[in-house]
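Architecture at a glance
Listed below are the residues making up each chain.
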Amino acid sequence: MADMPVAKLLLKLSPPVMLALLIQSVYNIVDSYFVAQYSTEGLTALSLIFPLQLLMTALGTGTGTGLNLLVARMDGSGDTAGQQDVIKSGLLLGVFNFAVFVGAGLLLLDGYYRISSDQAAVRALGMQYARIVFAGSLGLFVESNCTRLLQAKGNMVVPMLAQVTGAVVNILLDPVLIFGLFGAPRLGIAGAAIATVAGQWAAMFITLAAVWRSCGFGGRLRLRHCVHIYQSGLPSIVMQSLNTIYIIGLNLILKQFTEDAVTVLGIYYKLQTFFFIPLMGLQQVVVPVLSYNYGARDHRRVRQTLVCSIAGSFCVMVVATAVFLAAPGALLALFSATEGILAIGVPALRIISLSFVPASFSMMLTVYFQGVDRGRASLFVTILRQVVLLVPLAWVLRFFGLTAVWLTFPVTECVTVLAALALYRRGDRAAADLPGRHA
């Protein structure tokens, strides 16, 4: 963290995290692929539940990010007294998150599906899937905190192996339980949910065992540490939670045109994961590297980390834009080749892809603000993008037709990156006056 050249360090740490995230994203993608073969209504149901799964992931990974930041910052500053209490508190927060989410989620689920779809079959299938995934989400919440803790300690391999194992379990069980292969009961969409939960629990047991071996389960639960973990992870929690809000808002706007547009949006979010996953993996690596060097007051390495991360994310997004512009029909056909989906989806993917390059800058600047203890700036950029711009802009553009609604994405990303750059320049001038290692 302190001595290896930054570019080399990021190249060493990033691939396992990117692979782990890519495999984690397979859960929803594989479910959607097999469910699409089982039922068209089921595919729409999964598109509608996707925002709530994002909310669940936001709470889990956001809390884990808070734990990651605190542990990495303590290691960087050399002040590790009480770190075991921080670790114990962070792990127990995973169980607390599970209890809160399940209680609130199951209570509100029926109302959510009633406002999201007019089709009774879609609502029924969505309820089946969501109840199982929510009730079994302990695996996701505990694994998220264990993974971020291991990453804070520089262990990127075990989380990757855990995600590989979980994905393999999910992939193998999906067709067996959905279609009733090899004598198993034909469970349909409920089988997809069971396969997802089984994969998450498999990953949890692997990461939990690694934490026990490397850190132990000593220490005490401290309320102040719980509060500090949530405070440190709040920008990440809010950022990902707002994904849920704006996707729900966009779904309600698109539903006014046709439910095929809702399905297209759901397919887009599954497709874009293949390109955004490297950026998200890079984010997870950048945060502890930034936090460590910020704690060590090495401002030169902090800046180098930001430059390298932006360069890498820019290259990935250029490739993503080219793919979406060149082959939108082929991408959509992976899930659905119906005439209605293709007619709406082809122009949608091409227009949305124009947002990828500016997003590569804003995503890295957002985690930069987190890593250098500028949580308010990170929160501002997130709220600007996902509350102030996305849904209100989509609501205005709907008056110009469905195709205009897709312009929401590139316009929003361009405004967001300009705001993030302005905040960076302001903070960069302030950092120049701080003591520490600059050269």
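For clarity, every value in this text was computed on a predicted model and none was experimentally measured. (Residues numbered from 1 in each chain as written. Predicted model: local features only at pLDDT ≥ 70, side-chain atom pairs only at ≥ 80, totals over all residues. Heavy atoms only, no water.)

When you go through the chain residue by residue, the secondary structure sums to 16 helices and 0 strands. Here the C-alpha atoms of the chain give a radius of gyration of 21 Å, agreeing with the 22 Å that 2.2 N^0.38 yields for 439 residues. Across its three principal axes, the chain shows a C-alpha extent of roughly 60 × 50 × 35 Å. Here the chain holds 439 residues, and 58% of them are scored as buried. Per element, the accessible surface of the chain, about 17,300 Å² overall, is 69% carbon and sulfur. (Helix = DSSP H or I, 4+ residues; strand = E, 2+ residues; numbered from the N terminus. Rg over C-alpha atoms; globule rule 2.2 N^0.38 Å. Buried < 20%, exposed > 50% of the residue type's maximum accessible area, 1.4 Å probe, protein only. Areas by Shrake-Rupley, 256 points an atom, 1.4 Å probe, with all protein chains shown as cover.)

Looking now at the nonpolar core. Taken as a class, soluble globular proteins show a tendency for nonpolar side chains to be buried jointly. Within the largest apolar cluster, 118 residues are counted, with the highest numbers of intra-cluster contacts made by Ile49, Leu265, Tyr268, Trp406 and Phe409. The biggest single contributor to this core is helix H9 (residues 259-295), with 17 residues. Once you skip the residues sitting within four places of it in the chain, Trp406 turns out to touch Leu254, Ala261, Val264, Leu265, Ile344, Ala348, Ile351 and Ile352. (Core = buried A, V, L, I, M, F, W, Y, C linked by side-chain atoms within 4.5 Å. Contact = heavy atoms within 4.5 Å.)

For the rest of this paragraph, the subject is the packing of aromatic side chains. The way to describe two aromatic rings as a pair is by their centre distance and the angle between their planes. Counted under the stated rule, the structure contains 16 aromatic pairs. Summarising the aromatic geometry, the rings of Phe101 and Phe141 are spaced 5.9 Å apart at their centres and angled 55° between planes, so their arrangement reads as tilted. Remark: Phe141 occurs in helix H5 (residues 138-152) and Phe101 occurs in helix H3 (residues 83-116); sequence separation between them is 40 residues. The residues Phe101 and Phe141 share a single accessibility class, namely buried. Through pairs of rings, three or more aromatic residues link up here, namely Tyr246, Tyr268, Tyr269, Phe275, Phe276, Phe324, Phe356 and Phe409. (Phe/Tyr/Trp six-rings, centres within 6.5 Å; stacked < 30°, edge-to-face > 60°.)

The residue Phe182 is not glycine, and still its phi comes out positive at about 55°. Mapped onto the secondary structure, Phe182 falls in the loop between helix H6 (157-179) and helix H7 (189-214).

By secondary structure assignment, the location of Ser362 is in helix H13 (residues 356-371). Sequence-distant contacts of Ser362, that is, excluding residues within four places in its chain, are made with Glu413, Thr416 and Val417.

The next point concerns the environment of Met160. Residue placement: Met160 occurs in helix H6. We classify Met160 as buried; its relative accessible area is 16%.

This part takes up the packing of H9 against helix H12 (residues 339-352). Where H9 contacts H12, the axes come no closer than 9 Å and their chain directions differ by 50°. When the interaxial angle is binned, H9 and H12 end up oblique. You can see that H9 and H12 cross each other, and the crossing is right-handed. Mapping the contact onto sequence places Asp260, Ala261, Thr263, Val264, Ile267, Tyr268 and Leu271 in H9 and Gly340, Ile341, Ile344, Gly345, Ala348, Leu349 and Ile352 in H12. Residues belonging to the contact of H9 with H12 are distributed by class as follows: 10 nonpolar, 3 polar and 1 charged. (Axes fitted to C-alpha atoms, helices over the stretch in contact; angles between N-to-C directions. Parallel < 35°, antiparallel > 145°, perpendicular 65-115°, else oblique. Left-handed = near helix turned anticlockwise from the far one by under 90°. Nonpolar A, V, L, I, M, F, W, Y, C, P; charged D, E, K, R; others polar.)

Segments scoring low in pLDDT should not have their predicted coordinates read at a detailed level. When the pLDDT values of the chain are averaged, the result is 84; 94% of them are 70 or greater. Mean pLDDT per element in the chain: helix H1 (residues 6-38) is the minimum at 73, and helix H15 (residues 402-405) is the maximum at 94. Counted against residues more than four places away or in other chains, residues 431-439, with its pLDDT under 50, gives 14 contacts. (pLDDT = per-residue confidence, 0-100.)

Once that is clear, we can look at helix H4 (residues 120-135). End to end, H4 covers 23 Å across 16 residues, agreeing with the expected 22 Å (1.5 Å per residue, within 8%). Those residues of H4 that sit buried are Val122, Leu125, Gly126, Met127, Tyr129, Ala130, Val133 and Phe134. (Expected span 1.5 Å × (residues − 1).)

So, about the pattern of salt bridges. For the structure on display, the rule yields 4 salt bridges. Taking the shortest distance from any N to any O, the salt bridge between Arg222 and Asp85 comes out at 3.3 Å. With Arg222 in the loop between H7 and helix H8 (223-255) and Asp85 in helix H3, this residue pair connects regions lying 137 residues apart in the sequence. On the accessibility criterion, Arg222 (27% relative accessible area) is partly exposed. Asp85 gets classed as buried once you look at its relative accessible area, which sits at 14%. Between Asp118 and Lys255 there is a salt bridge, with the nearest N and O atoms lying 3.4 Å from each other. With Asp118 in the loop between H3 and H4 and Lys255 in helix H8, the pair connects residues that are 137 residues apart, well separated along the chain. Judged by its relative accessible area of 59%, Asp118 is exposed. (Salt bridge = Lys/Arg side-chain N within 4 Å of Asp/Glu carboxyl O.)

This paragraph deals with H5. The first and last C-alpha atoms of H5 sit 22 Å apart over 15 residues, in line with the 21 Å expected at 1.5 Å per residue. Buried residues dominate H5, accounting for 15 of its 15 residues. Of the residues trailing H5, Gly154 is marked for its positive phi of about 85°.

Residue position: Asn170 is located in helix H6. A residue is classified by how much of its surface remains accessible, and Asn170, at 0% relative accessible area, is buried. From its side chain, Asn170 meets the backbone nitrogen of Thr196 in a polar contact 3.3 Å long. (Polar contact = N/O pair within 3.5 Å; in protein donor to acceptor, adjacent residues only side chain to side chain.)

Bringing a nonpolar patch on the surface into the picture now. Where nonpolar side chains cluster on the molecular surface, the patch consists of Trp395, Val396, Phe399 and Phe400 and spans about 480 Å² of accessible area. Mapped onto the secondary structure, Trp395 falls in helix H14 (residues 375-397). By relative accessible area, Trp395 is classed as partly exposed at 44%. (Patch = residues over 30% accessible without salt bridge, like charges linked within 9 Å, V, L, I, M, F, W, Y side chains within 5 Å.)

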